[in-house]
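Results of the structural survey
Residue-level listing of the chains:
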Amino acid sequence: MFTQLGSVAAGIMFLWAMFQQYFPYQLRPHIQKYSQKLVSFAYPYIQITVQEYSANQWKRSEAYVAIEDYLSSNSSSRAKRLKVDIIKDSQSVALSMDDHEEVTDEFQGVKLWWASGKSSLKAQSFSFYPASDEKRYYYLTFHKRYRDLIVGTYLNHVIKEGKAIAVRKRQRKLYTNNSSQNWYGYKRSVWSHVPFEHPATFETLAMKSKKKEEIVTDLTIFRTRKQYYSKIGKAWKRGYLLHGPPGTGKSSMIAAMANLLNYDIYDVELTSVKDNTELRKLLIETTSKSIVIEDIDCSLHLTSQRKKKKEEEKEESKDDPLLMKGKENESKESKVTLSGLLNIIDGLWSACGEERLIVFTTNHVEKLDPALIRRGRMDKHIELSYCCFEAFKVLAKNYLDIDSHSLFPSIERLLGETNMTPADVAENLMPKSITDDPETACLEDLIQAIETAKEAARVKAEKEAKEKEEEEERLKKEKEAKEKKEAAGEVKEKEKTEEKVEENGVVPAVKENGVVS
């Protein structure tokens, strides 16, 4: 029997070799086509293949990634060969199917088979942008009588569940945009990222509790209103303008927003973006469930005052060729316009993606163009001001773990008289030495710092008042000197006229107003 099987196998191999060697290449597709039809009559199962890379060879297929996440939750208990990876905080592991492994799944009583595979390129070719040597894929096998159920319902279920699993297990990231020179070619990357692990929450923010509750409610409502935004015909996004002096907690506010909503953060550096086209490209490459932030003060000349300053600098650089050349290179680096930025915030391109927050930060809100921060673009304006007593109590709880102290009344009085940022208050609340009573030592340091700041503010105010008085006196003297000079000029002109009259021997006629005609 084994001899006969061996002979049959050898005969099949011989016929296949002859087919590959001598059968006309043009007829092979037809043979394969009809042979597959013949096999389909006897083989009742259907296979669906999902490739790792779609038509855009540089981007992984979203369907493949979703299926990978979906199978990772099932394969740990069913597959015999697994791969392990570290996720999130580097303290937990994720298991997934190894290559060429198969697992079973069941949906509404129907049994299905998922298998993973990979294929290597047979021919090696030289390229400046080499592709991966391996092509990975998943293929799903099921009975043909369940085609409608699998294609219409099951696959959508798998994609949805896979995306939900990815959100739950993902490590949130902090992105920054790369220079456009790195946007093309092999291993292209529009954004670079690091894990986002900022611990800030709304409970630890130093601000009034009423304002915190208002912001948290606003964010929570936004996250659950997908259908509402669709009904009113608006992109599912919301703009926040954070403004206030440096050190008042704008960055901590953004981190608290991200931790509350479980969003990624994209920190846009507009000075490295050449034009509006690149800005749109950046927006397209961001994901949903994200916060896009921009420090307006450091990026663009978006106010008339800044444009005037730029013109003054241009005038000053005319006499210095090196400075002029540097300014020209700087102007060539970024040609992002205000209209281009507005189109990203509130134009057609703002609808690329959904569930997105756009956050602008500034230290000088009064200098921004009103068109940039109007309602509908920056929907909610949040002022982060100097530290009040309620904010101080939050910091005292965070840093010293105390709710009350005998020095609190003194601190409350001083904070009501002096402007000090939460950052400065927090710095003085950090224990800097080992003592038996660190709480009292830190609070005494804070009182001394506030009194010093109060005295410095008084001296500054007196100096500014004195400078203002001196400036007014100087302007007054200049005005008096100018008036004396004009009067002296009029007298001199009158004397010249009289001398000219005496030389000609003509007595000029004098009009009623005393002017010589």
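Here the structure is a predicted model, which is why all the values come from computation and not from measurement.

1. A word on the overall build of the chain
When helices and strands are tallied, the chain shows 16 helices and 13 strands. Going through the 517 residues of the chain one by one, you find that 31% of them count as buried. Of the contacts made within the chain by residues no fewer than 6 positions apart, 67% connect residues no fewer than 24 positions apart. Carbon and sulfur atoms make up 53% of the accessible area of the chain, which totals about 33900 Å².

2. Here's the deal with the packing of helix H8 (residues 276-284) against helix H11 (residues 338-346)
Viewed as axis vectors pointing N to C, H8 and H11 meet at an angle of 20 degrees, and their least axial separation amounts to 10 Å. By the angle class used here, H8 and H11 are roughly parallel. Regarding H8 and H11, the two cross each other, and that crossing is right-handed. For the pair formed by H8 and H11, the contact residues are Asn276, Leu279, Arg280 and Leu283 on the first element and Gly340, Leu341 and Ile344 on the second.

3. A look at empty space enclosed by the protein
Across all of its chains, the model carries 2 cavities of 30 Å³ or more by this definition. Taken as a whole, the largest cavity holds about 180 Å³ of empty space. Lining the largest cavity are 15 residues, with Val268, Leu279, Leu283, Val292 and Ile344 positioned closest to its centre. At the level of secondary structure, the elements contributing two or more residues to the lining of the largest cavity comprise H8, strand E11 (290-295), H11 and strand E12 (356-362). In terms of residue class, the lining of the largest cavity is made up of 13 nonpolar, 1 polar and 1 charged.

4. Quick word on the side chain of Glu101
Tracing the backbone shows Glu101 in the loop between strand E3 (92-97) and strand E4 (102-107). Non-local contacts of Glu101, meaning those with residues more than four positions away in its chain, are made with Ala79, Lys80, Arg81, Trp114, Ala115 and Ser116.

5. Overview of the pattern of salt bridges
Enumeration according to the criterion identifies 15 salt bridges in this entry. Salt-bridge contacts for Asp403 lead to Lys397; the nearest nitrogen and oxygen are separated by 3.7 Å. Overall, Lys397 belongs to the partly exposed group, its relative accessible area being 37%. With a shortest N-O distance of 2.3 Å, Arg474 and Glu471 are connected by a salt bridge. Here the residue Arg474 and the residue Glu471 both occupy positions in helix H16 (residues 438-504), the gap between them amounting to 3 residues, near one helical turn. Given a relative accessible area of 37%, Arg474 falls into the partly exposed group.

6. Side note on the packing of aromatic side chains
Tallied over the entire structure, the rule returns 13 aromatic pairs. Where Tyr45 meets Trp113, the ring centres are 5.9 Å apart and the plane angle is 85 degrees; that geometry is what we call edge-to-face. You can see Tyr45 sitting in strand E1 (residues 45-51) and its partner Trp113 sitting in strand E5 (residues 110-120), a full 68 residues away along the chain. Tyr45 gets classed as partly exposed once you look at its relative accessible area, which sits at 33%. Note on Phe222 and Tyr229: the rings are 5.9 Å apart at their centroids and 80 degrees apart in plane angle, and the pair reads as edge-to-face. For the pair shown, Phe222 and Tyr229 are each scored as buried. The residue whose ring lies beneath Arg225 is Tyr228, and the NZ or CZ to ring-centre distance is 4.7 Å. Cation over ring: Arg238 sits above Tyr240, and NZ or CZ is 5.8 Å from the ring centre.

7. Focus on the nonpolar core
Counting 27 residues, the largest nonpolar core has Met253, Met257, Ile291, Leu357 and Val359 as the members making the most contacts within it. Going through the elements one at a time, helix H5 (209-223), strand E9 (237-243), helix H7 (250-261), E11 and E12 are the ones with two or more residues in this core. With 7 residues, the top contributor of residues to this core is H7. Dropping the residues within four chain positions of it, Val359 is found in contact with Tyr240, Leu242, Ile254, Met257, Ile291, Val292, Ile293 and Glu294.

8. Section: the sheet that holds E11
Paired through their backbone hydrogen bonds, the strands of a sheet run either parallel or antiparallel. The 7 strands lie next to each other as E8-E7-E10-E11-E12-E9-E13, forming an open sheet whose pairing is mixed. Of all strands in the sheet, those with a lone pairing partner are strand E8 (191-195) and strand E13 (380-383), marking the two edges. Between one strand axis and the next, the sheet turns through 20 degrees on average, direction left out of account. Here strand E7 (residues 173-177) runs beside strand E10 (residues 264-267); their pairing, made up of 3 bridges, is parallel.

9. Here we look at the environment of Phe392
Following the sequence through the fold, Phe392 ends up in helix H13 (residues 389-400). According to the relative accessible area criterion, Phe392 is buried, its value standing at 0%. A C-alpha to C-alpha distance of 8.2 Å links Phe392 and Met207, two positions 185 residues apart in sequence. Filtering out sequence-adjacent residues up to four positions away, Phe392 remains in contact with Cys387, Phe408, Ile411, Leu415, Val425, Leu429, Leu443 and Leu446.

10. Quick look at the environment of Ile382
Within the fold, Ile382 resides in strand E13. As a C-alpha pair, Ile382 and Met253 span 129 residues in sequence and 10.0 Å in three-dimensional space. Ignoring anything within four residues of it in the chain, the contact list for Ile382 reads Ile215, Tyr240, Leu241, Leu242, His243 and Met257.

11. Brief notes about H8
The α-helix winds at 3.6 residues per turn, so residues separated by three or four positions along the chain end up facing the same way. Every buried residue belonging to H8 is among Asn276, Glu278, Leu279, Leu282 and Leu283, and all of these are buried. Around the axis of H8, the buried residues are gathered within 160 degrees of arc, so they sit on the same side. N-capping of H8 is provided by Asp275, with a side-chain oxygen placed 3.2 Å from the backbone N of Thr277.

12. Thoughts on the confidence of the model for the chain
Taken as a whole, the chain shows an average pLDDT of 80; of its residues, 77% reach a score of 70 or greater. Element-level mean pLDDT values for the chain span from 48 in helix H9 (residues 304-316) up to 95 in H5. Counting interchain partners and residues more than four positions distant, the pLDDT-below-50 stretch residues 125-132 has 5 contacts. Here residues 303-310 is a poorly scored stretch, pLDDT under 50, and it has 12 contacts once near neighbours within four places are set aside; other chains count.

13. A closer look at helix H14 (residues 408-417)
Here H14 has its buried residues at Phe408, Ile411, Leu414 and Leu415. In a view along the axis of H14, the buried residues occupy a sector of 125 degrees, so they form one face of it. Residues Pro409 and Gly416 are exposed on H14 and point more than 90 degrees away from its buried face.

About the criteria used
Residues numbered from 1 in each chain as written. Predicted model: local features only at pLDDT ≥ 70, side-chain atom pairs only at ≥ 80, totals over all residues. Heavy atoms only, no water. Helix = DSSP H or I, 4+ residues; strand = E, 2+ residues; numbered from the N terminus. Buried < 20%, exposed > 50% of the residue type's maximum accessible area, 1.4 Å probe, protein only. Contact = heavy atoms within 4.5 Å. Areas by Shrake-Rupley, 256 points an atom, 1.4 Å probe, with all protein chains shown as cover. Axes fitted to C-alpha atoms, helices over the stretch in contact; angles between N-to-C directions. Parallel < 35°, antiparallel > 145°, perpendicular 65-115°, else oblique. Left-handed = near helix turned anticlockwise from the far one by under 90°. 1 Å grid on protein atoms, 1.4 Å probe; cavity = no way out; pocket = protein on both sides within 12 Å on 5 of 7 lines; lining within 4 Å. Points joined across faces, edges and corners; volume = space filled by probe spheres on them. Nonpolar A, V, L, I, M, F, W, Y, C, P; charged D, E, K, R; others polar. Salt bridge = Lys/Arg side-chain N within 4 Å of Asp/Glu carboxyl O. Phe/Tyr/Trp six-rings, centres within 6.5 Å; stacked < 30°, edge-to-face > 60°. Lys NZ or Arg CZ within 6 Å of the ring centre and 35° of its normal. Core = buried A, V, L, I, M, F, W, Y, C linked by side-chain atoms within 4.5 Å. Pairing = 2+ DSSP bridges. Arc of directions from axis to C-beta. Polar contact = N/O pair within 3.5 Å; in protein donor to acceptor, adjacent residues only side chain to side chain. pLDDT = per-residue confidence, 0-100.

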